[in-house]
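Here's the letter readout for the chains.
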Amino acid sequence: MPSPLAHSVTGYALAQLGVAGSIQKHWGTITYALFVAIAPDFDFALQLLTGENYHRGATHSLLFCLGLSAIAGIISYGVNKRKAHVWFGLTLIIYASHLLLDYLTRGGSGIQFLWPLPNYYQSPILIFPSVRHWEGLFHRSHLVFLGFETLYAVLLLTLSQWIRQKGWSTQPKP
């Protein structure tokens, strides 16, 4: 599965490209985007508490994605009615990016995209290499994974900067 690095970089790039529309980009918005980008993986906390494996289950589903996005929209509606749809969209797109990256990952059984249905889904086109957890934290096999994620991060940030410079995003040029 992609690490928090890949998920965070994706959320950051999407926020910078203007998926937030008319929301002003400042540290609070970027922090929110980073939080949403890694939020599906907070299901590990339940595993720590119960010993059961919940990873890539309910929090990796379309239902959870829509629910969290609706909550963001409702909360923002109370603050600024004209921005509620923007916060809904920002949350939806960034949260869904996490699901997409996990869907495109080698190893594991996929994600439970249609939870509460029991089926797991995995793309036939697998882009992200799997992590070999059983090898331990500092095994040389992780160099492939770390190299791929670093390359992904550099390419995605370079691409998003290029798009912004060309004026193809909704955000002003730097």
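All of these numbers come straight from a predicted model, not from anything done at the bench.

A. Structural detail: the packing of aromatic side chains. Taken as a whole, this structure holds 5 aromatic pairs when the rule is applied. Taking 5.3 Å as the distance between ring centres and 75° as the angle between the ring planes, the aromatic pair formed by Phe-128 and Phe-148 counts as edge-to-face. Linking Phe-128 in the loop between α5 (84-103) and α6 (142-166) with Phe-148 in helix α6, this pair joins segments that are 20 residues apart in sequence. Assessed through its relative accessible area of 3%, Phe-128 is described here as buried. Members of the aromatic cluster, joined through ring pairs, are Phe-128, Phe-148 and Tyr-152.

B. Just unusual backbone geometry, in detail. That bond from Trp-115 to Pro-116 is cis: its omega, 20°, falls within 30 degrees of zero. The residue Pro-116 is located in the loop between α5 and α6 in this model.

C. Examining the nonpolar core more closely. If you look at the biggest cluster of nonpolar residues, it comprises 12 residues: Ala-15, Ile-30, Ala-33, Val-36, Ala-37, Ala-39, Cys-65, Leu-90, Ile-94, Tyr-95, Leu-99 and Ile-111. At the level of secondary structure, the elements contributing two or more residues to this core comprise α2 (27-38) and α5. Of all hydrophobic cores here, the second largest spans 8 residues; its members include Ala-6, Ala-13, Tyr-152 and Ala-153.

About the thresholds
- Residues numbered from 1 in each chain as written.
- Predicted model: local features only at pLDDT ≥ 70, side-chain atom pairs only at ≥ 80, totals over all residues.
- Heavy atoms only, no water.
- Phe/Tyr/Trp six-rings, centres within 6.5 Å; stacked < 30°, edge-to-face > 60°.
- Helix = DSSP H or I, 4+ residues; strand = E, 2+ residues; numbered from the N terminus.
- Buried < 20%, exposed > 50% of the residue type's maximum accessible area, 1.4 Å probe, protein only.
- Core = buried A, V, L, I, M, F, W, Y, C linked by side-chain atoms within 4.5 Å.

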